[in-house]
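Analysis of the macromolecular model
Below, each chain spelled out in residue letters.
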Amino acid sequence: MTPFDYARAGDVADALRMGAIEGTAFLGGGTNLVDLMRETVARPARLIDVSGLSDRIEETPDGGLRIGAGVRNTALAEHAAVRSRYPVLARAILAGASAQIRNMATVGGNLLQRTRCTYFYDTDGSRCNKRVVGSGCDARGGFNRIHAVLGASDACVATHPSDMCVALAALDAVVQVEGPAGARAIAFDAFHRLPGDRPDLDTILAPGELIVAVELPANPLAAHSTYRKVRDRASYAFALISVAAALSIEEGRIADVRIAFGGVAHKPWRAVKAEAALKGQVPDDALFRAAAAAEFADAQPLRDNGFKPLLAQRTLAAVLGELTTGAAA
Amino acid sequence: MSIIDSAKQTAQGLVMGALQKLVPLAPDSWIPGGVPDPLIARKHGLIGTPVSRLDGPLKVSGGAAFSAEYRFENMAYAALAYATIARGRVTAIDSAAAEAAPGVVLVMTHRNAPRMKTPAMFGTSGSAVGPDTVPILQDDKVHWNGQPIACVLAETQEQADHAASLLRFTYAELPAVTALAAAKAKGVEQGLFMGQPLRNEIGDAEAALAAAPHKVDRRYTTPRHNHNPIEPHAATLAWIDGVLVIHDASQMVAQQAQTMAEVFGLKADKVRLTSPYVGGGFGSKGLWEHQVIAAAAAKLAGRPVRIALSREGVYRVVGGRTLTEQRVAIGAAADGRFTALIHTGLSVMTPHNAMPEPFILGTRSAYAVPNIALNVDVARMQTLANTFMRAPGEAVGTFALESAIDELAGELNIDPVELRIRNEPDKDPTSGLPFSSRHIVTAWRQGAERFGWRDRPETATRREGEWRIGMGCATGTYPYYRMPGAKARLTLTRDGDAVRASVEVAAAEMGMGTGTTTAIVAAERLGLPLDRVEVGYGDSAIPGAIMAGGSQQTAAIGAAVIAAHNALTAKLLKLAGNDSPLAGLSAKEVGSDSGGLASLDDPAQRESYASILKRAGRDSIEVTEAGSPPLEFMHWSMHSHSALFCEVGVNDVTGEVRVRRFLGSFDCGRILNPRTAASQFRGGIVMGLGMALMEETQFDERSGRIMNPSLAEYHVPVHLDVPEIDVIWTDIPDPHTPMGAHGIGEIGITGVAAAVANAVHNATGRRIRDLPITLDKLL
Amino acid sequence: MSLIINGVAVAPPADPRVSLLDHLRETLHLTGTKKGCNQGACGACTVLADGERILSCLALAVQYDGRSITTIEGVGQAGALHPLQQAFIDHDGFQCGYCTPGQICSALGMMMEAKRGLPSNVTSDLTAAVTLDRAEVQERMSGNLCRCGAHNGIIDAIRLSVEAAA
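Residues numbered from 1 in each chain as written. Chains lettered and ligands numbered in written order. Predicted model: local features only at pLDDT ≥ 70, side-chain atom pairs only at ≥ 80, totals over all residues. Heavy atoms only, no water.

**So, the sheet that holds strand E9 (residues 225-230) of chain A**
Residues and elements named next belong to chain A. Judged by pairing direction, the sheet is antiparallel, and its four strands sit side by side in the order E9-E10-E11-E12 without closing on themselves. Each end of this open sheet is capped by a strand with a single partner; those strands are E9 and strand E12 (269-270). This element, helix H5 (residues 87-95), spans E9 and strand E10 (241-250) of the sheet and lies at about 20° to E9. (Pairing = 2+ DSSP bridges. Helix = DSSP H or I, 4+ residues; strand = E, 2+ residues; numbered from the N terminus. Contact = heavy atoms within 4.5 Å. Axes fitted to C-alpha atoms, helices over the stretch in contact; angles between N-to-C directions.)

What follows is the structure, given as structure tokens:
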């Protein structure tokens, strides 16, 4: 680990002031950043500990929830309103990592998790455009079982590893940010980037900007939602693919639907094409598969991940089938 | 029956019981005509009674000190830098930034490392345990991607790690063979194991196969694996008054100390290596470069050193199991009897080691077949030296063989259990030797009954919701070994009117339960309660050399303790002299019983150990003896066996496989401690489940670099992957081994991957011949 | 400020790079907490921070200034074992013993989580009370790897302790 200075922020203003200096990183639960620092992938000169800020979950006036960036993953999954009104979020969190890590990890930090691409981690021995822009990508011709099939670029085929973020993408969450230039609200789908030629940038956060909260809008749809994760062992593994979905049925037709995929792209993948294909239709398995097929029509599989479009298609169909059965009952 | 008759019988029983309880001196030989170890006849003693492991309280409270938990005054911390090319030379080293970094004590490379001999490679002599033939920091050559090329010592681990990250190396690369196809194109050689060709030919297997009315001929592949003990490899060491003291994590303390002594040109007694606790090994806890580098750095810096490999470091420095490509072809008559068995293929090793994965070993004695062709070819790739990993050979060989048997059973429409039983040999089909003890049919019958094998569904017919359910079975096998060189030191110390015994063996305890089992056996042999026996192990200062490898440690210790007990008895009789009730009896005429020696003919003629010592004015008595040469192999084919049953669910949507039930029915001689034995069996099975479903070391064929050197990316089973595992055993003693026991550390993993693959086939109709069985292969 | 380790106040490290794990092991010589991967992937370093299980390898010690940490040494010692420690011995819930302190600390944290009703990934009804059946305990303990394969014994030991405590 490269030497660094450590300070705790007393409040957001404090954090922004200290965070304005170049080379500073904000520290949440440390579950990803400390690991990256130990691997020398991240080498901040200063850590500003913001894990003690904004750890509240509050009702918003419009009936949604405002989740402080310092809320621990466990606390969010445990919250009664999340369990009853946003089950997809509780399930996504509980599907991620291990209990110990969920006890440490913060909501803000979870949004800023970095990819599990092994070439990204291999600072000494591999080329990675996400680590060093322009150095090349060893993943494209190497082990890429966990890599992207949608939205990738020549420069980068990495995936975003978060489970929680897949649920947030499906829930139309809003990321509340404060920074040197003031506060702004970022729609969740716009928060994470596709890699393009700058895969080093995972999000659109400007230097010095700090996530202070995530807001969930009120949506009755969300109460009828779930998350399914498919992985190489029964627990404690990153997703090969995952599906977050919410669905409502009126008069035998899909009235509204939200779908996001994890493990398929550089960002949590909001499946707008699939949603469009489903809305207003009579639900059945063939429709579900067609909707998923539409979403993955442009998929570009790599050497090891050619199974992902089919797996995603089948998993989505199963999840929608389950939600439809539940909705009908 | 009259009351009198009944009383007579009871009295006779008591007398017989008393006689049986006496443990006469065990025969120190295992040749035909030799008498079985008398402990085998003792049915109601400590042996076979479940005993909790004696080191349990220390382990559950964090009080057991592992190698990286010893401390020396003024100790420095080591960090390694690893090569990033597969082959070539280091032409320049920029160490200025590292040397200037805070806390740095030493930067050691091949330029300033002390001159050392290359550790003699494993197998080149009785004590040689070096990993390969590569000189350690003695020249500029790079032999694999990941080879240690520099070591930094600093005041703290954080400082050492940081400084190591500042080192910059320039290389002159040479062409390297890092792709399997390229390695094969360069040609293959005959594989040798322990100096012997991995090749058997009996009859004409190809011709018999061609003529067989029923046959399968398939190709199976297995990837590289890593042991991944949860304790990373580490050593804490110091040069103290010319003695190199090493606290290590070792499966072979004496051999490692000896090899280290040779590396540094020291007399054997100038290296002291202790390793009382080993946090898992599975074949990996031996001598690798890190201990040599740390000792060299300690010498150069004049400071004690702790070297604790990072998890990535373990993957760069400590070899794993190599890959295999296997062909299994079986020809059979309509009644299922095998007419031809071909098991051949390829394994990979390096230019600098000699360890093909000997996947045909288990096949040699498996089935009665008149025509057999077995062969392992080997190709060489520029990688870290591969090594032994739990059941080297059998673990992956049984996957191929036992999958093929299942395929043939389907072809013949014969139940796979019955097909195996139908081909049970009456003698070893390749060596021609009689089996010392083989009760696999019993294991099959008992296992099938308990598992409910008769309920196995027709292929791809049983469903529960999204899950397709199937059952599979397979045979596991592992040989009985006993290596020469074991010694035991027995000490009896007077403690009032009783004695305490100490048994010391240069063995290793990695969690197998060796310490506990050794105490049980010694207590039983000496006729002492368990709490009067203390066991010492894991220290090179103890005489003899015992390896926790090849599942042979228990037998090796057992034979050494027998020899020491014999010597102790003779010495005690001499000490007892003419004033003893035992006067006039020879060592062969007495046995140990209830804290003393007694006449075998008249148990009432006896004297306690304490009394003998007291009369002789002695506080203690000590003997050290070597076990007899392992001659049993010359006369018998000696193996353990298992019949494995597995039930899986395969998700019809995602292809995910979950093991729902597992049963292992074992035939491994007499079980000494059922509690720890059950754990050994289960542990092997769990590792087998990992091999079946998820484990693979990702080796990038472009760079020769391992790309998942991490427990996050190399998947081992987690709690939710492990079903309740039922284990049973025949408990039939092998009359030709100490205690009638077989080693059981490795048998557990064998056959498991095949049992899973066969169950997956039964569930889905899909045959997966390439491990691991990941979900993408089943979509 | 200071860290409270098993009830004793200790100074945080001067070097902020030092993890809670290394502070315990190398500075305080509390080596019962184990280092298995140092990357948050094995659970061997699990300790309790204010009663919640965390990975001490991913925790910078300075970040836990003011927090109360319980390590295996604070759970129970040979001669005065915690009932869960004794259960691990009785059910042979370990072989090499290296992952064991982490398993035990993790299980203690897990029991508290279940008691307050935290669901898991295998809980079918997110709003119902938690019943620690076998699958629930297995899922909740899956962050603690064991390579010796003592999984059955570990789960048995925990489940029987849960029942005994109920």
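Now that the structure has been shown, we can carry on.
**Some points on the interface of chain C and chain B**
By a frequent convention, interface size equals the accessible area lost on bringing the separate parts together. Contacts between the two partners involve 56 residues from chain C and, on the opposite side, 56 residues from chain B. Approximately 4300 Å² of surface area, both sides summed, lies buried where chain C meets chain B, with 56% of it carried by carbon and sulfur atoms. Summed over the three residues of chain C that lose the most area to chain B, namely Gln95, Arg147 and Asn152 of chain C, the buried surface amounts to 19% of that side. Where chain C packs against chain B, one counts seven salt bridges. Between Glu26 of chain C and Arg71 of chain B there is a salt bridge, with the nearest N and O atoms lying 3.5 Å from each other. Counting the contacts that link chain C with chain B gives 24 residue pairs in polar contact (both at pLDDT 80 or more). Partitioned by chemical class, the residues of the side of chain C that touches chain B number 24 nonpolar, 19 polar and 13 charged. (Buried area = accessible area lost by both parts, 1.4 Å probe. Salt bridge = Lys/Arg side-chain N within 4 Å of Asp/Glu carboxyl O. Polar contact = N/O pair within 3.5 Å; in protein donor to acceptor, adjacent residues only side chain to side chain. Nonpolar A, V, L, I, M, F, W, Y, C, P; charged D, E, K, R; others polar.)

**Observations concerning helix H3 (residues 83-90) of chain C**
Three or more residues of H3 of chain C are buried, namely Leu84, Gln85, Ala87, Phe88 and Ile89 of chain C. Trailing H3 of chain C by a residue or two, Asp92 of chain C shows a phi angle of about 50°, which is positive. (Buried < 20%, exposed > 50% of the residue type's maximum accessible area, 1.4 Å probe, protein only.)

**Brief notes about the interface of chain B and chain A**
Between chain B and chain A, the contact holds 31 residues from the first and 35 residues from the second. Buried area between chain B and chain A, both sides added, is near 2800 Å², and the carbon and sulfur share of it is 55%. The tally of links from chain B across to chain A stands at four salt bridges. Note that Arg116 of chain A and Glu713 of chain B form a salt bridge whose closest N and O atoms lie 3.1 Å from each other. Counting the contacts that link chain B with chain A gives 13 residue pairs in polar contact (both at pLDDT 80 or more). For the side of chain B that touches chain A, the secondary-structure elements that each account for two or more residues are helix H4 (157-166), helix H9 (311-317) and strand E31 (699-700) of chain B. A class-by-class count of the residues in the side of chain B that touches chain A yields eleven nonpolar, eight polar and twelve charged.

**Structural notes on the domain arrangement of chain B**
Residue and element names in this part refer to chain B. For chain B, the assigned domains are domain 1 (18-47 + 484-629), domain 2 (67-175 + 227-317) and domain 3 (196-225 + 321-481 + 634-778). For domain 2 versus domain 3, the separation of C-alpha centres amounts to 36 Å. Tallying the contact residues gives 25 residues for domain 2 and 23 residues for domain 3. Buried area between domain 2 and domain 3, both sides added, is near 2100 Å², and the carbon and sulfur share of it is 62%. If you look at where domain 2 meets domain 3, you find one salt bridge. Residue Glu312 is joined to Arg705 by a salt bridge in which the shortest nitrogen-to-oxygen separation is 3.9 Å. Joining domain 2 to domain 3, the criterion identifies six residue pairs in polar contact (both at pLDDT 80 or more). The residue inventory of the side of domain 2 that touches domain 3, partitioned by class, reads eleven nonpolar, nine polar and five charged. (Domains from an automatic or database assignment.)

**A look at the confidence of the model for chain B**
Residues and elements named next belong to chain B. When pLDDT is averaged along chain B, the result is 95; 96% of the residues meet or exceed 70. Contacts of residues 1-20 to residues separated by more than four positions or lying in other chains number six contacts, the stretch itself having pLDDT below 50. Under the prediction, the complex receives an ipTM of 0.99, its pTM being 0.97. (pLDDT = per-residue confidence, 0-100.)

**Observations regarding helix H16 (residues 674-693) of chain B**
Taking 1.5 Å per residue, 20 residues should reach 28 Å; H16 of chain B reaches 28 Å between its end C-alpha atoms and fits that length. In terms of burial, H16 of chain B is largely enclosed, as 18 of its 20 residues are buried. (Expected span 1.5 Å × (residues − 1).)

**Examining the domain arrangement of chain A**
Parsing chain A into structural domains produces domain 1 (5-51) and domain 2 (226-328). For domain 1 of chain A versus domain 2 of chain A, the distance between C-alpha centres works out to 36 Å.

**Let's talk about the packing of aromatic side chains**
This model, assessed by the stated rule, comprises 18 aromatic pairs over all chains. Between Trp239 of chain B and Phe264 of chain B the ring centres are 5.3 Å apart and the planes differ by 80°, which places this aromatic pair in the edge-to-face class. Within this pair, whereas Trp239 of chain B is found in strand E13 (residues 234-240), its partner Phe264 of chain B is found in the loop between helix H7 (253-263) and strand E15 (271-274), the two being separated by 25 residues in sequence. Accessibility expressed as a relative area gives 8% for Phe264 of chain B, which makes it buried. Each member of the aromatic cluster is reached from another via a ring pair, and the members are Trp444, Phe451, Trp453 and Phe645 of chain B. Its end group placed over the ring of Phe94 of chain C, Arg53 of chain B keeps NZ or CZ at 5.7 Å from the ring centre. Over the ring of Trp239 of chain B we find Lys299 of chain B; its NZ or CZ atom is 5.5 Å from the centre of that ring. (Phe/Tyr/Trp six-rings, centres within 6.5 Å; stacked < 30°, edge-to-face > 60°. Lys NZ or Arg CZ within 6 Å of the ring centre and 35° of its normal.)

**Notes on the sheet that holds strand E28 (residues 620-626) of chain B**
All names here are of chain B. Strand order in the open sheet formed by four strands is E24-E23-E22-E28, and the pairing between neighbours is mixed. Strands with a single pairing partner mark the edges of an open sheet, and in this sheet they are strand E24 (533-536) and E28. Taking the axes of each pair of neighbouring strands and ignoring which way they run, one obtains an average angle of 15° across the sheet. Two strands pair when backbone bridges link them, and strand E22 (residues 487-495) and E28 are joined in this way by seven bridges, in the antiparallel orientation. Bridged to Leu492 within E28 is Ile621. The strands touched by helix H13 (residues 514-526) within the sheet are E22, strand E23 (498-504) and E24, with E24 carrying the most contacts at an inclination of about 135°. Lying over the sheet, helix H14 (residues 553-576) contacts E22, E23 and E28, oriented at roughly 140° with respect to E28.

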